[in-house]
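The chain contents come next:
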Amino acid sequence: MNLEEIKSKLSREREELISLLEISHQERMESIKDYASTPDELADKYETKQEMHLEEEALNERIKKIEKALEKIKNGTYGLCEKCGKKIEDVRLKIDPAVEICRKCSI
Ligand SMILES: [Zn+2]
């Protein structure tokens, strides 16, 4: 894989994640709008809201990671381990192009 390929792959994933995030956010807003009438319903809604929030957070984390990888491509440090500074194995980058550390450091 060359850098251009990785870049477009990451950008595509980022766009997908952003639209997922928007959908999730909208759904959460909708669920807040529905007024719950009983305490049970209220508790249910609260839980759903929390779950959705966690999902949004996971999406946000991933987006941040991807943006960081894109930034590294720009400044020429892509593919280097954040811990030891050595080159990250191609296999690892193929599995997750946004991976930040090498195999040794991940153990
Ligand atoms: Zn390392």
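Refer to the structure above for everything that follows.
Residues numbered from 1 in each chain as written. Predicted model: local features only at pLDDT ≥ 70, side-chain atom pairs only at ≥ 80, totals over all residues.

1. Quick notes on the overall build of the protein
1) Next: Secondary structure summary: the protein contains four helices and zero strands in total.
2) Next: For the protein, the succession of helices and strands along the chain, N to C, is α-α-α-α.
3) Next: For 107 residues, the compact-globule formula gives about 13 Å, and the C-alpha radius of gyration of the protein, at 19 Å, lies well above that figure.
4) Next: Oriented by its inertia axes, the alpha-carbon framework of the protein measures out at about 60 × 30 × 20 Å.
5) Next: Expressed as a percentage of contacts within the protein between residues at least 6 apart in sequence, the contacts between residues at least 24 apart total 54%. (Helix = DSSP H or I, 4+ residues; strand = E, 2+ residues; numbered from the N terminus. Rg over C-alpha atoms; globule rule 2.2 N^0.38 Å. Contact = placed C-beta atoms within 7 Å.)

2. Observations regarding the environment of Glu82
1) Next: The topology assignment puts Glu82 in the loop between α2 (39-75) and α3 (90-95).
2) Next: Sequence separation between Glu82 and Ile101 is 19 residues, and the spatial gap between their C-alpha atoms is 5.4 Å.

3. Considering the nonpolar core
As a rule of thumb, nonpolar side chains are buried together in soluble globular proteins.
1) Next: Leu10, Ile66, Ala69, Tyr78 and Ala98 form the largest nonpolar core, which has five residues in total.
2) Next: When residues no more than four places from it in sequence are discounted, the contact partners of Ala69 are Leu10, Tyr78, Pro97 and Ala98. (Core = buried A, V, L, I, M, F, W, Y, C linked by C-beta atoms within 7 Å. Buried ≥ 20, exposed ≤ 12 C-beta atoms within 10 Å, placed from the backbone.)

4. Quick word on the environment of Lys68
1) Next: Along the chain, Lys68 turns up in helix α2.
2) Next: With ten residues separating them along the chain, Lys68 and Tyr78 place their C-alpha atoms 9.4 Å apart.

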